[in-house]
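Structural overview for review
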Amino acid sequence: MGKFPSLSLLMMFPRFRMLPSPRVLVLILRVQLYEIMAGYKPVAIQTYPILGEKITQDTLYWNNYKTPVQIKEFGAVSKVDFSPQPPYNYAVTASSRIHIYGRYSQEPIKTFSRFKDTAYCATFRQDGRLLVAGSEDGGVQLFDITGRAPLRHFEGHTKAVHTVDFTADKYHVVSGADDYTVKLWDIPNSKEILTFKEHSDYVRCGCASKLNPDLFVTGSYDHTLKMFDARTNKSVISVEHGQPVESVLLFPSGGLLVSAGGRYVKIWDVLKGGQLLVSLKNHHKTVTCLYLSSSGQRLLSGSLDRKVKIYSTTSYKVVHSFDYAASILSLALAHEDETIVVGMTNGILSVKHRKSEAKKDSLPRRRRPAYRTFIKGKNYMKQRDDILINRPSKKHLELYDRDLKNFRVSKALDRVLEPSCTIKTPEITVSIIKELNRRGVLANALAGRDEKEISRVLNFLIRNLSQPRFAPVLINAAEIIIDIYLPVIGQSPVVDKKFLLLQGLVEKEIDYQRELLETLGMMDMLFATMTRKESTSVWQHASDGFLENKKVES
Amino acid sequence: MNPKLYSCSFDGTVKLWDYVDGILIKTFVVGLKLHALFTLPSAEDSVFVIINKEKPDVFQLVSVKLPKSSSQEIEAKELSFVLDYINQSPKCIAFGNEGEYVAAVRDFYLSVYFFKKKTTSRFTLSSSRNKKHAKNNFTCVACHPKEDCIATGHKDGKIRLWRNFDDDKKYTYTCLHWHHDMVMDLAFSVTGTSLLSGGRESVLVEWRDATEKNKEFLPRLGATIEHISVSPAGDLFCTSHSDNKIIVIHRNLEASAVIQGLVKDSNIFTGLMVDPRTKALVLNGKPGHLQFYSLQHDKQLYNLDIIQQEYINDYGLIQIELTKAAFGCYGNWLATVEQRQEKETELELQMKLWMYNKKTQGFVLNTKVNMPHEDHITALCFCNAEKFENPTLVTSSKDGHFKVWILTDDSDIYKKAVGWTCDFVGSYHKYQATNCCFSEDGSLLAVSFEEIVTIWDSETWELKCTFCQRAGKIRHLCFGRLTCSKYLLGATENGILCCWNLLSCALEWSAKLNVRVMEPDPNSENIAAISRSSVGSDLFVFKPSEPRPLYIQKNISREEVQWGVFVPRDVPESFTSEAYQWLNRSQFYFLTKSQSLLTFSTKSPEEKLTPTSKQLLAEESLPTTPFYFILGKHREQQDEKINEAFESELVQLPLTENIPAISELLHTPAHVLPSASFLCSKFVSSLLLSKETKSGEEIPEDVDMEEGKESDDSDEENDFTEKIQDTNNTDLGEDLLHQLSKSEEKELRKFRKVDYSWITVL
């Protein structure tokens, strides 16, 4: 790399290009001098693209959780809700009970069990002091967190109430029920204020705006989402989702609306009157729950396909996904994403806590030299006859590089044949073998080993010989080993056994290659029958993958 | 009194120079071929030279008495014989202990001649019959400046220090062994406390106090050390290397300066390229590097490390070779291919794509592709058309495929994955793909498969049509440019040059020409083709639209021309003559097999008028007045010989430094000019000169080849010494002959040139 920026910069000025200015020449000299002083070049370790998931900030962030804590509930967990106020307890609705758990407790700190039938959608008020829940019998009950008996009992729905929520002014409750109605209740008076009968099927989800006390959204099995305004007593926006709506979510700003139903998650722009912004189809079963991360940058969706997907809310691409053991019904994140709680159909509640970062600071810090030592001699002014000698910067070299630099080839090979290296980073071992071969000293490095050392080499070969990416290098090494140790074969049963293993491996590989070639032949037959134009392009792609394997054979 | 310099040459003369002023003082005619020259401070009136009298392989060291005389040319026939049967290399002779004795080595002998006693002692090492001592050959010798101690270097890497050699029986030697290959040169420091040695390992070793334990190293000097010398003051060392490089080293073994020309001793696989950004010539440089070489400055700009691996210089080692390189997208991208093949089946290929980083002003590795093809890559080219917003690269390979690589912005939200991926793989009946090339607008891609040329649409990668002439494998392929963009040219191995019309899909014309190099000019329709015949290489410049060449130059070089390139000019010239119009916008450079870089230049008329400007180099102290330019011609006659010596250097002066004399004459106020009668004849004749050159006869002389950038004379000398050192070289005589004839030829040409200007002056 041209390391000297100023040089090329000078070259761009035509003035300098015309006349060899002395400055340019000096710079050129410095560049060449730099190349001389460049020093030892470390061995290039062949890197292979990591297949599968790429490591991004998101994977790091979302993988930084402890192993999940599993809590067994009595039935399918239909709703999990975190209290917005510290200590961030969460309410879990399962079967006919509502359990309140503390952040780190595995036992419920409180239980509401006064439901005759299944309870639904236990939701905290913004101040975390009240809790509202619907139930299968059509009742909506309001609880005080500290108390046990319900404070209010709203009667009016004729069928199961699956969704309830507090409005932004804290004094009203919205509920949706299987009787196709949506009702607004007044808490102080315990009275029904409004009833909306616009849905034509079960109302199964809903959400109140956090900014406007009069706005709330409900989703129904009639495939529609409706936004209601309490001031107008009818819906202001109605959009068609296309599938029965299972979950609905309003962005904190109230500008965007997210709905989940069927396999789709759809984002709607409320400000444009309910225009579809994006439609996401990343799950392969019904999406049941939605949640926004605390920063609002990531959207989470849980589905019956046992996966939680995390989307970026700017590009709406999946940035990460979690796997769970059973179909997911509910999902919630604690304040600052400290905890992820997922409820599943089999009644298991999975709680994941973020790993604490305080650990790193607790490491004992190395004592640094005193400040005095740092400033020592720093203020010395260069005199006329002094020659300034800079301390040469020391480049860090790996141990095997240090050996190679000093031409200790056997030692370098020994280092990379340590089990810690061969198991974790076989590519380093292979790169060193390749480098030794390039230097023409591989035979020297492999020769003169005793039983233990040679079996270590053979173990590595047996483990990695059949991998296509390592094969060309290792086959060559294996040939050299066989050449060197052929005269002493039969002297050690341990080594002989390894050689036999190696032989078996090679035979297996040859069989495998033959099979591959047969398949290739069959595919060629098929392609030959296709039209000419198609065959030229398709055949190329097909053969490419196979050719890679073919190399091994040689 | 200025310091003096002696020089000797094959023409049998020893010359004395004042090298500060650049004046020849005296010539001593010895009359024998002189191979090396030594002087001693103790014997000022004589010099020592190496000659060979009878057999071609037997050399003698003789002392030549230089007679004192005031005349310019003196016969020096008083030879006194010193040593017989020596090596002609100057490295194999050393004078020791203030000229008390001289040591010479050859094969397995060390001969020492004592001047006082006038006796010779000879020491023999066990010879090659014994396998253990097979490599005992002496390679070089150095003498301690203060003591009676001789250091000799050997072929097996040993250094022997000889003492007590004035006694034939009691002599002793000690061994120093670090080098594992031949010791190329040895030198003692001024005080004699340390000994320097160097060789193929490219490591300068300093042996302190002549002991094996106390040694210091300066490693990684880049190429084989050929010579080592020590400055008389003792504070600097200097090494010269086989890759056309000199390194100046401090006493404390720190490199302080590098003088690097065009890197020499490597095979040129990449051909000649021009970096669109710096306009530098780019080709293989140091092993594993690309060198960027400024043609304007005759300086290497920098080496770009492509292979990025420790270079081990050892005999018989198969190195990774940088085989192909190409610039794309106005210098934003650089593609390189490196390969290493140990056995037939084991080919290691790697393709690297480098992006130009504006911030760091250098190339940064972007993508590395392992085994881009199954077999050798034969060609790679970028699509340089403007309309292609997406950079595209095509590689063709012997495995029968060509692959199209495109830059894909694999944009996830993190924006990190911008790299090159394979977009399309094409083949044609399993023939080997031998060449590929994009048309100027990037709409068509031509790929040659052995004898067949296929044309592909670069939008859809569909095969459009094929051309086949059945005249052997296609060796070169290129599209015409500008107005000739409808033509496609192909040169085959069997010596046929074909031109196809892409509109009619038919052969337009073909010619029988054994093309070795075919290069299109990026700035015009012209195409230069260099053909090889039994006598030499010929250049043809033509437009694809007409089969008749614009310009032919026979015999541009005796050797085979390997590569050529058009370098765009910064400022276009305006030659009106039809024969040179092809040089208006670009200059053609070509590289011969012995790695001389040559170019074509028509000297501008102004330049011809003022050959005296060349003298500026010699006499920089003189003010460059208009008088000087005009009157300087008189001096030329007197200093004709000096001028001759400087000629080769002078030709290299950049055009910009020549001030046109005519304009000077016309713009100088009349009252400061000399009398008109004095100037008139010269002025008129100078005007005539340009007319004369236009007549057909003079063309070959007029379009003079400048053996420009690699300072030619010094290089040939280098070559020469290299060859002589290698005692195993059997066809030495032939080489010498060849070199001589070449230099003679040049001499002749120079004479003719000088004659010519004489006439105009008189």
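Residues numbered from 1 in each chain as written. Chains lettered and ligands numbered in written order. Predicted model: local features only at pLDDT ≥ 70, side-chain atom pairs only at ≥ 80, totals over all residues. Heavy atoms only, no water.

An unreviewed UniProt entry lists chain B under the name WD repeat-containing protein 75, from Lynx pardinus. UniProt, in the comment section headed Subcellular location (unreviewed entry), describes chain B in these words: "Nucleus, Nucleolus". Comment text from UniProt for chain B, heading Subunit (unreviewed entry), reads "Component of the proposed t-UTP subcomplex of the ribosomal small subunit (SSU) processome. SSU processome is composed of more than 70 proteins and the RNA chaperone small nucleolar RNA (snoRNA) U3." (UniProt positions renumbered as here; feature names shortened; annotations may be inferred.)

For chain A, the name recorded in an unreviewed UniProt entry is U3 small nucleolar RNA-associated protein 15 homolog, with Felis catus as its organism. The Subunit (unreviewed entry) comment attached to chain A in UniProt states, word for word, "Part of the small subunit (SSU) processome, composed of more than 70 proteins and the RNA chaperone small nucleolar RNA (snoRNA) U3. May be a component of the proposed t-UTP subcomplex of the ribosomal small subunit (SSU) processome containing at least UTP4, WDR43, HEATR1, UTP15, WDR75. Interacts directly with UTP4 and WDR43." The record in UniProt for chain A states the following under Subcellular location (unreviewed entry): "Nucleus, Nucleolus".

Glancing now at the confidence of the model for chain B. Residues and elements named next belong to chain B. Scored by pLDDT, chain B comes out at a mean of 79, with 78% of its residues at no less than 70. Long-range and interchain partners of residues 753-762, a stretch whose pLDDT sits below 50, account for 15 contacts in this model, where long-range means more than four residues apart. Across the interface, the model reports ipTM at 0.73; the global pTM reads 0.68. (pLDDT = per-residue confidence, 0-100. Contact = heavy atoms within 4.5 Å.)

In this section: the sheet that holds strand E5 (residues 43-51) of chain B. Residues and elements named next belong to chain B. Taken together, the 4 strands give an open sheet; going across it, the order is E4-E5-E6-E8, and neighbouring strands pair in antiparallel fashion. In the strand order of this sheet, the two ends are held by strand E4 (36-40) and strand E8 (79-86), each with one partner. Here the strands of the sheet are splayed against their neighbours by 20° on average, with no regard to which way each runs. One ladder, built from 5 bridges, connects strand E6 (residues 59-65) with E8; its direction is antiparallel. Bridge pairing in E8 places Phe59 opposite Ile86. (Pairing = 2+ DSSP bridges. Helix = DSSP H or I, 4+ residues; strand = E, 2+ residues; numbered from the N terminus. Axes fitted to C-alpha atoms, helices over the stretch in contact; angles between N-to-C directions.)

The next point concerns a negative patch on the surface. Residues A:Asp117, A:Glu136, A:Asp137 and A:Glu155 make up a contiguous surface patch of negative charge. Assignment of secondary structure puts A:Glu136 in the loop between strand E7 (130-135) and strand E8 (140-144). (Patch = residues over 30% accessible without salt bridge, like charges linked within 9 Å, V, L, I, M, F, W, Y side chains within 5 Å. Areas by Shrake-Rupley, 256 points an atom, 1.4 Å probe, with all protein chains shown as cover. Salt bridge = Lys/Arg side-chain N within 4 Å of Asp/Glu carboxyl O. Lys, Arg positive; Asp, Glu negative; His and termini not counted. Charge placed at Lys NZ, Arg CZ, Asp CG, Glu CD.)

The next thing to look at is the nonpolar core. Across soluble globular proteins, you tend to see nonpolar side chains buried next to one another. Grouped together as the largest cluster of nonpolar side chains are 39 residues, with contacts concentrated most on A:Leu436 and A:Ile481. When residues in this core are grouped by element, the largest group, 7 residues, is from helix H12 (residues 471-485) of chain A. Sequence-distant contacts of A:Ile481, defined by excluding residues within four places in its chain, comprise A:Leu446, A:Ile454, A:Val457, A:Leu458, A:Leu461, A:Leu486 and A:Phe499. If you look at the next biggest cluster of nonpolar residues, it comprises 19 residues, including B:Cys381, B:Phe402, B:Tyr428 and B:Trp461. (Core = buried A, V, L, I, M, F, W, Y, C linked by side-chain atoms within 4.5 Å. Buried < 20%, exposed > 50% of the residue type's maximum accessible area, 1.4 Å probe, protein only.)

Here we take up unusual backbone geometry. A cis geometry characterises the amide bond from A:Pro86 onward to A:Pro87, with omega recorded as 5°. Looking at where A:Pro87 falls in the secondary structure, it is placed in the loop between strand E2 (77-82) and strand E3 (90-94). We note that B:Asn244 has phi near 65°; this positive angle belongs to a residue other than glycine. By the element assignment, B:Asn244 lies in the loop between strand E22 (236-241) and strand E23 (245-250).

Here the focus is the environment of B:Lys213. Residues and elements named next belong to chain B. By the secondary structure assignment, Lys213 is in the loop between strand E19 (204-208) and strand E20 (215-218). Residue classification places Lys213 among the exposed positions, given a relative accessible area of 79%. Along the primary structure Lys213 and Leu176 are separated by 37 residues, whereas in three dimensions their C-alpha atoms are 9.3 Å apart.

As a further point, take a positive patch on the surface. All names here are of chain A. Taken together, Lys394, Lys395, Arg402 and Lys405 make up a surface patch of like positive charges. Looking at the secondary structure, you find Arg402 in helix H6 (residues 399-405). Classification of Arg402 as partly exposed rests on a relative accessible area of 39%.

Turning next to the pairing of strand E40 (residues 463-468) of chain B. Residue and element names in this part refer to chain B. Of the strand pairs in this sheet, strand E39 (residues 452-457) and E40 are connected by 5 bridges, and their pairing is antiparallel. Opposite Ile455, over in E40, you have Cys465 as the bridge partner. Turn length for the E39-E40 hairpin, with the two strands adjacent in sequence and antiparallel, is 5 residues, and the turn residue Trp461 shows positive phi of about 55°.

For the rest of this paragraph, the subject is the sheet that holds E19(B). Residues and elements named next belong to chain B. Spatially, E17-E18-E19-E20 is the arrangement adopted by the 4 strands of the open sheet, whose pairing is antiparallel. With partners counted over all chains shown, the strands left at the sheet margins are strand E17 (183-188) and E20, one partner each. Sheet twist, expressed as the mean angle between neighbouring strand axes with direction ignored, is 20°.

The next subject is the packing of helix H11 (residues 451-464) of chain A against helix H13 (residues 493-529) of chain A. Residue and element names in this part refer to chain A. Two numbers describe how H11 lies on H13: the axes approach to 10 Å, and their chain directions differ by 15°. Looking at the two axes, H11 sits roughly parallel to H13. Once H11 is placed against H13, the crossing between them reads as left-handed. Contact residues: H11 offers Glu451, Ile454, Ser455, Leu458, Asn459, Leu461 and Ile462, while H13 offers Val494, Val495, Lys498, Phe499, Leu501, Leu502 and Leu505. Along the lines of polarity and charge, the residues of the contact of H11 with H13 split into 10 nonpolar, 2 polar and 2 charged. (Parallel < 35°, antiparallel > 145°, perpendicular 65-115°, else oblique. Left-handed = near helix turned anticlockwise from the far one by under 90°. Nonpolar A, V, L, I, M, F, W, Y, C, P; charged D, E, K, R; others polar.)

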